[in-house]
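Each chain, letter by letter, is given below.
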Amino acid sequence: MKALLPRIEISLSQIRHNAQMLSEHYGRKGISLMGVSKATLGDPEIAKAMIQGGVKFIADSRIENIQKMRIAGISTQIVLLRTAFSQAEAVIKNVDISLNTELETVRELSNFAKIHNTLHQIIVMVEMGDLREGILPCDLPQFIKKTIDLPNIKVIGIGCNLACYGGVKPDNHNMYQLSELADALEKEFRIHLEIISGGNSANYEWSEAAQAVGRINNLRLGESILLGCETVNRKAIPGLYTSAFKLIAEVIESKEKPSLPFGEICQNAFGNVPTFLDRGIRRRIIIALGRQDILVSGLKPNKALEILGSSSDHVVLDSNNYDCQVGSEVEFNLDYGGLLSAMTSPFIAKQVIGNNH
């Protein structure tokens, strides 16, 4: 059988290993993990590998991904990372826990939870400076006051998001502040918050350096499990695999050409006026992959290949005189943006290597 191209090869054993190592690492500090599946389009096999590695929850931002995992038999508690008012009934039917910041959305969840005679759990997200989702700390008591008495809703925790939108680094100050907020809310409202979710893959350096983690007892990890790195400096985490996902593409042209275009330069297909460096005659290769398939900046070429540019359907590379024949395959590692786009693309085949046991 001829191999599909382009394709992304997925090593379940490496994902399982990474999940296990991180579960053990954070578990020693009393921190449980949510394995974030959104970058893999909610792939059930990848979710199973995370669970086998020890994550306690699966988390995703798309209800469609969660429905797919439920149909595939994922019974572990599932957390919805992005709640939408219009999807409240689907949330109640498919999700155990959701992250929330808007009272009207929680009221809508309460209405449908009552209709379906179920208890829905929520984690209230707090704004700690990254300026994505979250309630300002000064507004948090009023939100909790209006939420805890809603029928069929249980507030089980608070959380925050850092280093995603604003690039704000998790540190002792903001983690201590979140812990203090949890203590204050429990005291004021006489409730118990089971989950204090301090962030994501960007929390690795903080967790390594912190002598005490306070009330933080949960993190939501995607990139660390999938790509084996932290996300403050994108450094590999010791003992983890960084190549669980490999993108394979086909060479469709291999020719020696000048490195400077000839003719008057205008805008390219994406409205930019490109500039070029004269390197003389070079062997250039084109692969059957383009911007419609993937975030090209997320490709990390192996060997000596260098990405020169791309259009909708082509990526042009300098081979550095490496012999790439037409019809041969070239391999790339991926960063998070590359993984996200490759897994979402309908034009890239997904091939699982190493079955779940």
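In this report, we go over the structure that sits alongside the text. (Residues numbered from 1 in each chain as written. Predicted model: local features only at pLDDT ≥ 70, side-chain atom pairs only at ≥ 80, totals over all residues. Heavy atoms only, no water.)

### Comments concerning the overall build of the protein
For step 1, the next point in the chain: Tallying secondary structure elements over the protein gives 10 helices and 16 strands in all.
For step 2, the next point in the chain: Considering the protein as a whole, with its 357 residues, one finds that 47% of them fall into the buried category.
For step 3, the next point in the chain: Long-range pairs, those at least 24 residues apart, make up 66% of the contacts in the protein with a sequence separation of at least 6.
For step 4, the next point in the chain: In the form shown here, the protein has an accessible surface area of approximately 17000 Å², with 50% of it arising from carbon and sulfur atoms. (Helix = DSSP H or I, 4+ residues; strand = E, 2+ residues; numbered from the N terminus. Buried < 20%, exposed > 50% of the residue type's maximum accessible area, 1.4 Å probe, protein only. Contact = heavy atoms within 4.5 Å. Areas by Shrake-Rupley, 256 points an atom, 1.4 Å probe, with all protein chains shown as cover.)

### A closer look at the side chain of Thr40
For step 1, the next point in the chain: Note that Thr40 resides in the loop between strand 2 (32-36) and helix 2 (44-53).
For step 2, the next point in the chain: Those residues in contact with Thr40, other than ones at most four positions away along the chain, are Ile46, Leu226, Phe245 and Met343.

### Observations regarding the nonpolar core
For step 1, the next point in the chain: If you look at the biggest cluster of nonpolar residues, it comprises 88 residues, and the most contacted ones within it are Ile15, Ile158 and Phe245.
For step 2, the next point in the chain: Of the residues forming this core, the biggest block, six residues, is contributed by helix 7 (residues 172-189).
For step 3, the next point in the chain: When residues no more than four places from it in sequence are discounted, the contact partners of Ile15 are Ile10, Ile46, Ala49, Met50, Ile225, Leu226, Ala244 and Phe245.
For step 4, the next point in the chain: Counting 12 residues, the second largest nonpolar core, distinct from the first, contains Ala59, Ile97, Leu99 and Ile195. (Core = buried A, V, L, I, M, F, W, Y, C linked by side-chain atoms within 4.5 Å.)

### Thoughts on a nonpolar patch on the surface
For step 1, the next point in the chain: A surface patch of nonpolar side chains, about 350 Å² in accessible area, is lined by Leu260, Ile265, Val273 and Phe276.
For step 2, the next point in the chain: Turning to its location among the elements, Phe276 is positioned in the loop between strand 10 (245-258) and strand 11 (281-287).
For step 3, the next point in the chain: Judged by its relative accessible area of 44%, Phe276 falls in the partly exposed class. (Patch = residues over 30% accessible without salt bridge, like charges linked within 9 Å, V, L, I, M, F, W, Y side chains within 5 Å. Salt bridge = Lys/Arg side-chain N within 4 Å of Asp/Glu carboxyl O.)

### A short note on helix 2
For step 1, the next point in the chain: Turning to helix 2, its buried residues number three or more, namely Pro44, Ile46, Ala47, Ala49, Met50 and Gly53.
For step 2, the next point in the chain: At the N-terminal end of helix 2, a side-chain oxygen is found 2.9 Å from the backbone nitrogen of Glu45, two or three residues along, and the residue is Asp43.
For step 3, the next point in the chain: Trailing helix 2 by a residue or two, Gly54 shows a phi angle of about 120°, which is positive. (Polar contact = N/O pair within 3.5 Å; in protein donor to acceptor, adjacent residues only side chain to side chain.)

### Things to note about the environment of Ser13
For step 1, the next point in the chain: In this fold, Ser13 is placed in helix 1 (residues 12-27).
For step 2, the next point in the chain: Ser13 gets classed as partly exposed once you look at its relative accessible area, which sits at 38%.
For step 3, the next point in the chain: In this structure, the C-alpha to C-alpha distance between Ser13 and Arg132, residues 119 residues apart in sequence, is 34 Å.
For step 4, the next point in the chain: Among the polar contacts listed, one links the side chain of Ser13 to the side chain of Ser11, at a separation of 3.2 Å.

### Things to note about the pattern of salt bridges
For step 1, the next point in the chain: As enumerated under the stated definition, the model contains 16 salt bridges in all.
For step 2, the next point in the chain: Measuring nitrogen to oxygen at the nearest pair gives 3.2 Å for the salt bridge that ties Glu329 to Arg7. Here Arg7 lies in strand 1 (residues 7-11) and Glu329 lies in strand 15 (residues 329-334), a separation of 322 residues in the sequence.
For step 3, the next point in the chain: Classification of Arg7 as buried rests on a relative accessible area of 7%.
For step 4, the next point in the chain: Connected via shared salt-bridge partners are Arg279, Arg282, Glu306 and Asp318.

### Some details on the side chain of Asn100
For step 1, the next point in the chain: By secondary structure assignment, the location of Asn100 is in strand 5 (residues 97-100).
For step 2, the next point in the chain: The exposure class of Asn100 is buried, given its relative accessible area of 2%.
For step 3, the next point in the chain: Those residues within four positions of Asn100 in sequence are excluded, and the remaining contacts are Thr83, Thr105, Val106, Leu109, Ile122, Ile123, Val124 and Met125.

### What about the pairing of strand 5?
For step 1, the next point in the chain: Where burial is concerned, the two faces of strand 5 agree: the one with Ile97 and Leu99 and the one with Ser98 and Asn100 are both buried.
For step 2, the next point in the chain: Here two bridges tie strand 4 (residues 78-80) to strand 5, and the two strands are oriented parallel to one another. The partner of Leu80 across the bridge, within strand 5, is Ser98.
For step 3, the next point in the chain: Handedness of the crossover joining strand 4 and strand 5 through helix 4 (residues 88-94): right-handed. (Pairing = 2+ DSSP bridges. Right-handed = clockwise from strand over helix to strand, strands pointing away.)

### Examining the pairing of strand 9 (residues 218-221)
For step 1, the next point in the chain: The alternating pattern of strand 9 places Asn218 and Arg220 and Leu219 and Leu221 on opposite faces, both of which are buried.
For step 2, the next point in the chain: Two elements, strand 2 and strand 9, share four bridges in a ladder whose sense is parallel. What sits directly across from Leu33, in strand 9, is Leu219.

### Focus on the packing of aromatic side chains
For step 1, the next point in the chain: Overall, the coordinates contain zero aromatic pairs when judged by the stated rule.
For step 2, the next point in the chain: For Arg291, the ring lying beneath its charged end belongs to Phe270, and the centroid distance is 3.9 Å. (Phe/Tyr/Trp six-rings, centres within 6.5 Å; stacked < 30°, edge-to-face > 60°. Lys NZ or Arg CZ within 6 Å of the ring centre and 35° of its normal.)

Take it as geometry only, folks, not as evidence of what the structure does.
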